[in-house]
Amino acid sequence: MSSQTSGSLGLLLLEQLESRRSLDTFPSLTGVTGSMEQPTTYDFPVVTETVAGAWADDVIRGNPALESACIAAARRAVEKGAMVITSDCGFFIRHQEAVAASVNVPVVMSSLLLAPTLLRQLPRTTKLAVVTADSRHCTNDLLGLDNPADRSRIAIGGIEDGDWFQNVMKHWSRDATEVSPPPYRDSDLEADVTACVARLRAAHPEIAALLFECTGFPAVAPAIRRITGLPTYDLGTLHRMTLASIA
């Protein structure tokens, strides 16, 4: 994985305790190929830059003070050869406009950018399910939908009460001080996402497609597609398309 190759994807990373970083690769929310943070996911070079102070809990809840750090990290990635800027947390969507205005390459900070496009692909009688790590903070204002009729076609569900998210936050939050926090297991992730999707479909039978906000979820997307038979989109969908458009 080269940090100097033209055509690289620039991946802005959440903050993490130095003691938990790998010396050989960047930290990962899941070890399964498909995760946005897993090098084996990509068939193109990736440049990584940590956003200083961007702890997961701050990014999820929204901290305007992180904007300058996001811009600085994006500019460093571009200097290393990044041709597209993205991130490892869908809640970085809050800084999409500021980062896009600060660099001269395409910026796709979150899969949530796809929501308006996906709604237009679907019949108006159907809904799009947005599946997120934390539904308490994945609000309609992050979806870029001004029309109330469009907003009514979004069903949001999260896994904030599940084991996977709870354990992830013990590694990635500002207050993550445990010397040996519990592991976050891929089996827990699949179980939590599967249960969330089932709840959403029970409440909204008209759901016709799924959009994953969290960058850990693409690792279980193949399983969810098999279970549901529904089109399932994530950040990988967006940045592969963006890179292909400039290659």
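First things first, this report covers the structure right here in the doc. Every chain begins its residue count from 1, and numbering advances along the sequence as written. For a predicted model such as this one, the threshold for reporting local features is a pLDDT of at least 70, and the threshold for listing and counting side-chain atom pairs is 80 or more; totals across whole chains, interfaces and linings nevertheless cover every residue. Water and hydrogen atoms were dropped before computing side-chain values, which therefore reflect all heavy atoms in the structure.

1. Description of the sheet that holds strand 6 (residues 207–212)
Inclusion rule: Two strands make a pair as long as DSSP finds a minimum of two bridges between them. Helix and strand definitions follow DSSP, with helices as H or I runs of at least four residues and strands as E runs of at least two, each counted in order from the N terminus.
Read from one edge to the other, the open sheet built from 4 strands follows the order 5-4-6-7, with strand pairing classed as parallel. Every interior strand has two partners, whereas the edge strands, strand 5 (154–158) and strand 7 (232–233), have only one. As judged from the 5 bridges shared by strand 4 (residues 127–132) and strand 5, these two strands associate in the parallel manner. Across the sheet, residue V131 finds its bridge partner in strand 5, namely G157.

2. Description of helix 7 (residues 186–203)
Just so we agree on the cut-off: A helix's residues, less one, multiplied by 1.5 Å, set its expected span. Partly exposed describes any residue whose relative accessible area lies between the buried limit of under 20% and the exposed limit of over 50%, with all areas from a 1.4 Å probe on protein chains only and scaled to the type maximum. In this description, one arc is meant: the one made by directions from the helix axis to the C-beta atoms. Contact definition: two residues touch when any of their heavy atoms are within 4.5 Å.
End to end, helix 7 covers 26 Å across 18 residues, agreeing with the expected 26 Å (1.5 Å per residue, within 8%). Along helix 7, the residues that are buried comprise D188, L189, D192, V193, C196, V197 and L200. In a view along the axis of helix 7, the buried residues occupy a sector of 155°, so they form one face of it. Contact partners of the buried residues in helix 7: strand 4, strand 5, helix 6 (163–172), strand 6 and helix 8 (221–228).

3. Examining helix 6
The buried fraction of helix 6 is high, at 7 of 10 residues. The set of residues buried in helix 6 consists of W164, F165, N167, V168, M169, H171 and W172. Residues of helix 6 that are buried make contact with helix 1 (56–61) and helix 7.

4. A closer look at the sheet that holds strand 1 (residues 8–13)
Strand pairing in a sheet relies on backbone hydrogen bonds. The paired strands run either parallel or antiparallel. As a reminder, the rule being used: Helix axes are fitted to C-alpha atoms over the stretch in contact, other axes to C-alpha atoms as well, and angles between N-to-C directions run from 0 to 180 degrees.
Strands sit in the order 2-1-3 across an open sheet of 3 strands; the sheet is parallel. Both outer strands of the open sheet, strand 2 (46–50) and strand 3 (82–87), are each paired with one neighbouring strand and no more. Each strand of the sheet is rotated relative to its neighbour by a mean of 25°, with strand direction disregarded. By the bridge criterion, 5 bridges tie strand 1 to strand 3 in an arrangement that is parallel. From the neighbouring strand, S8 faces strand 3, where its bridge partner is A82.

5. Some details on the pairing of strand 4
Among the 6 residues in strand 4, 6 count as buried, and that is most of the element. Burial along strand 4 is two-sided: the face carrying K127, A129 and V131 and the face carrying L128, V130 and T132 are both buried.

6. What to know about the packing of helix 7 against helix 8
Our working rule: The handedness criterion is simple: a crossing whose near helix is rotated anticlockwise from the far helix by less than a right angle is left-handed, and one whose near helix is rotated clockwise is right-handed. Any residue outside Ala, Val, Leu, Ile, Met, Phe, Trp, Tyr, Cys, Pro, Asp, Glu, Lys and Arg is labelled polar, Gly included; the first ten of those are nonpolar and the last four are charged.
It is the contact of helix 7 with helix 8, at a shortest axis distance of 10 Å, that shows an interaxial angle of 35°. Crossing of helix 7 over helix 8 shows right-handed handedness. Here E190, V193, T194, V197 and R201 of helix 7 come into contact with helix 8, specifically with A223, I224, I227 and T228. Here the contact of helix 7 with helix 8 is composed, by residue class, of 5 nonpolar, 2 polar and 2 charged.

7. Brief notes about the packing of aromatic side chains
Note the following rule: To pair, rings of Phe, Tyr and Trp, with the six-membered ring standing in for Trp, must have centres within 6.5 Å; the planes then decide the type, stacked if under 30 degrees apart, edge-to-face if over 60, and tilted in the middle.
Using the criterion set out here, one finds 2 aromatic pairs in the structure. Relative to F217, the ring of W164 lies with its centre 6.3 Å away and its plane at 55°, an arrangement referred to as tilted. Pair noted here: W164 is in helix 6 and F217 is in the loop between strand 6 and helix 8, with a separation of 53 residues, a long-range link. Grouping residues by exposure puts W164 and F217 together as buried. On the numbers, 5.5 Å between centres and 85° between planes, the contact of F212 with F217 is edge-to-face. Residue F212 is classed as buried on the basis of its relative accessible area of 0%. A network of ring pairs unites the aromatic residues W164, F212 and F217 as a single cluster.

What is shown is where atoms sit, not what they do.
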